[in-house]
Amino acid sequence: MRFSHLLLPTLKETPTEAEVVSHQLLLRAGFIRKLTTGIYIYLPLGLATLRKIEQVVREEMNRAGAQELLLPMVQPADLWEESGRWHKYGPELLRFTDRHDRPSCLGPTHEEVITDLVRREVHSYRSLPLNLYQIQTKFRDEIRPRFGLMRGREFVMKDGYSFDATEEAADRTYQKMNDAYHRIFRRCGLRFRAVEADTGSIGGSFSHEFMVLADTGEDTLVICTSCRYAANMEKATSQAPSAAPAGELRPLEKVETPGKRKVAAVAEFLGISPRELVKTMVYLADSKPVAVLVRGDHEVQPVKLKNLLGAVEVELATDQQVFDLTGVPTGYLGPVGLKLPLVMDREVAVLRNVVAGANEKNYHLRNVNPGRDFEAGQVADLRMVTVADRCPVCGSELELTRGIEVGHIFKLGIKYSQALKATFLDAEGKERPFIMGCYGIGVSRTIAAAIEQNHDKDGIIFPLPIAPFQAVVLNLSPNDGQITSAAESIYEGLRQQGFEVLLDDRDERPGSKFKDADLIGVPFRVTVGRKLAEQGMVEVRQRADGHTADLPFAEAVERLAEMIRAGLARYSIKNDE
Ligand code: ATP
Ligand code: MG
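Residues numbered from 1 in each chain as written. Chains lettered and ligands numbered in written order. Predicted model: local features only at pLDDT ≥ 70, side-chain atom pairs only at ≥ 80, totals over all residues. Heavy atoms only, no water.

## Some remarks on the sheet that holds strand β18 (residues 354-357)
So, point 1. Here we have 3 strands laid out as an open sheet, ordered β13-β19-β18, and antiparallel in their pairing. A single partner strand is all that each edge strand has here, and the edge strands are β13 (253-256) and β18. Sheet twist, expressed as the average angle between the axes of neighbouring strands with direction ignored, equals 35 degrees.
So, point 2. With 4 bridges joining them, β13 and strand β19 (residues 363-368) adopt antiparallel strand pairing. Of the residues in β19, the one forming a bridge with Glu253 is Arg366. (Pairing = 2+ DSSP bridges. Helix = DSSP H or I, 4+ residues; strand = E, 2+ residues; numbered from the N terminus. Axes fitted to C-alpha atoms, helices over the stretch in contact; angles between N-to-C directions.)

Rendered as structure tokens:
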């Protein structure tokens with residue numbers, strides 16, 4: 001590709017609309033342009049990168065025995081009525097009616113459509129296992145589309161769905177997909193972790209998320225420093241607390257705590273540590289209030305609360321809502337005598353003689369004891385894990401780190417096959433629902449995640465396997481015949497060897513060519529300039545580590561080809577791996 005003919009509009013300034021670095025760099029490097037909120041145009045380099053990732057995904061899905069198909073983006077409402085999601089799926093589902101008044105939607109995901117297809121076409125256990133996938137544009141009317149490709153309304157996803165005859169077979173398929181995902185993200189050159197993920201209220205199933213490790217990630221990951229345990233914070237648990245200490249339960253005592261509403265302030269005022277205090281938080285679970293008790297130094301994990309209560313949505317009540325419900329200002333709420341349903345974290349259950357709000361402005365109670373002074377409806381792990389916790393599996397220290405969810409695999413079981421009556425006949429001629437799994441990869445989000453993980457002040461540093469070009473050749477003097485013909489011959493030579501190469505043949509200052517090459521993140525840069533006439537040399541520089549070497553012009557193509565091949569070999573995976 002010649003820069004002079006390419007639609008590659010790089011920008012010097014950082015666009016003010018972009019908050020995160022991947023969004024800024026994708027705009028600056030001329031990969032994407034915004035059409036409207038959460039909807040982006042892929043310019044040639046953006047598309048080239050997208051295609052690279054798609055190709056890796058495709059190869060590994062095919063290798064794992066999945067078959068590619070392409071499902072429609074527009075879906076009829078009937079199928080969603082059948083699955084029960086037409087009314088359950090929130091406003092992210094873009095619904096509309098066509099000219100014949102048929103309710104329809106734009107596909108945010110395709111469980112309904114694929115289950116419908118399979119129930120119509122597959123009838124026997126002999127056709128199983130079946131694993132089908134597509135790479136397609138999804139639409140989700142996200143409440144807060146942001147960060148460019150990271151959370152769009154329109155985005156490219158690989159979604160796969162498996163159908164098995166037995167639980168064991170479904171588990172094997174799940175494991176195959178887990179392996180395929182490891183290969184995909186390794187081959188993309190990304191540092192990632194697979195973590196246990198929340199499965200919501202679908203019992204008996206399991207799920208893993210694939211997280212690209214980056215400080216800017218929206219998700220917090222809990223990772224054991226010694227064993228393989230790793231989980232999303234929404235799901236992560238820790239070693240259970242030891243039983244409550246034996247000893248005297250002292251009598252309740254009301255103490256004045258004027259103006260002390262926050263845990264830290266109350267603890268300091270009473271000369272105790274926050275862990276000797278119980279926090280009472282009011283949540284609305286599908287609009288019904290519930291009080292949640294956690295230790296003063298802990299935080300409620302809303303997803304765990306949601307799962308415990310079987311709610312669709314939970315949100316923290318506002319101060320005003322708390323006051324309307326209890327007549328007590330927030331900060332002085334406590335479990336003793338509180339007229340709200342109570343649930344408590346398992347760590348609270350083992351506390352003795354602690355401090356809690358007295359349900360009266362400016363007062364707290366000392367020596368509160370669960371069991372004696374109040375009863376909670378349910379006791380469960382309801383809190384966020386902290387670095388002070390220990391691994392639930394091996395008891396070692398835990399580490400917290402941040403990640404970007406690029407993939408998600410999920411054992412669905414019979415949730416959809418049952419709802420849509422998708423069945424097959426087993427070997428005994430008995431009708432059974434398919435056992436399903438679903439497997440997503442955010443292909444467009446992976447571009448953003450790769451950049452969040454790999455960039456510096458000058459621009460993107462693409463991992464070689466997903467870079468839109470493997471090499472860029474800079475012709476520093478397009479008006480100089482010798483330099484131009486040398487640059488052209490390196491460009492052609494590399495292309496003939498099958499590499500993707502950009503030739504910067506623009507009539508621009510060398511400075512802007514260097515800047516643009518860095519900005520777009522091409523792994524190998526070849527500079528053809530003055531050194532050619534003076535010493536017969538061209539310069540090769542690697543974007544990732546800045547390593548620079550001069551090569552004789554005559555050997556440049558061969559040596560570069562070797563370097564690129566060696567680079568790519570680091571990410572390739574052999575068949576038996
Ligand atoms: P999130 O929790 O980030 O909203 P999700 O759990 O709803 O994502 P899935 O339904 O698991 O997403 O979709 C599969 C993959 O699609 C995700 O792992 C993610 O990489 C990608 N994805 C989901 N929503 C978006 C979006 N709005 N923009 C870009 N990629 C997305
Ligand atoms: Mg997900």
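## Comments concerning the domain arrangement of the protein
So, point 1. What the domain assignment reports for the protein is domain 1 (49-237 + 400-452), domain 2 (253-380) and domain 3 (469-569).
So, point 2. A straight line from the C-alpha centre of domain 1 to that of domain 2 covers 38 Å.
So, point 3. With 8 residues of domain 1 at the interface, the matching set in domain 2 holds 5 residues.
So, point 4. Three residues stand out in domain 1 for area buried against domain 2, namely Asp198, Glu234 and Thr237, and they jointly supply 57% of the buried area on that side.
So, point 5. Scanning the region where domain 1 abuts domain 2 turns up 0 salt bridges.
So, point 6. Counting across the interface, domain 1 meets domain 2 through 3 residue pairs in polar contact (both at pLDDT 80 or more).
So, point 7. Classifying every residue of the side of domain 1 that touches domain 2 by side-chain character gives 2 nonpolar, 3 polar and 3 charged. (Domains from an automatic or database assignment. Contact = heavy atoms within 4.5 Å. Buried area = accessible area lost by both parts, 1.4 Å probe. Salt bridge = Lys/Arg side-chain N within 4 Å of Asp/Glu carboxyl O. Polar contact = N/O pair within 3.5 Å; in protein donor to acceptor, adjacent residues only side chain to side chain. Nonpolar A, V, L, I, M, F, W, Y, C, P; charged D, E, K, R; others polar.)

## Points about the environment of Arg261
So, point 1. Tracing the sequence through the fold places Arg261 in the loop between β13 and α7 (263-270).
So, point 2. The sequence separation of Arg261 and Thr484 amounts to 223 residues, and the corresponding C-alpha distance is 73 Å.
So, point 3. Contacts of Arg261, omitting those with residues within four sequence positions, involve Val266, Asp319, Thr330, Gly331 and Tyr332.
So, point 4. At a separation of 2.9 Å, a polar atom in the side chain of Arg261 contacts the side chain of Thr330.

## Overview of the sheet that holds strand β5 (residues 95-97)
So, point 1. With antiparallel pairing, 3 strands are arranged side by side in an open sheet as β4-β6-β5. Unpaired on one side and paired on the other, β4 (74-76) and β5 mark the two borders of the sheet. The mean angle between the axes of side-by-side strands here comes to 40 degrees, regardless of whether they run parallel or antiparallel.
So, point 2. Alignment of β4 against strand β6 (residues 103-106), held across 3 bridges, turns out to be antiparallel. Opposite Val74, over in β6, you have Leu106 as the bridge partner.

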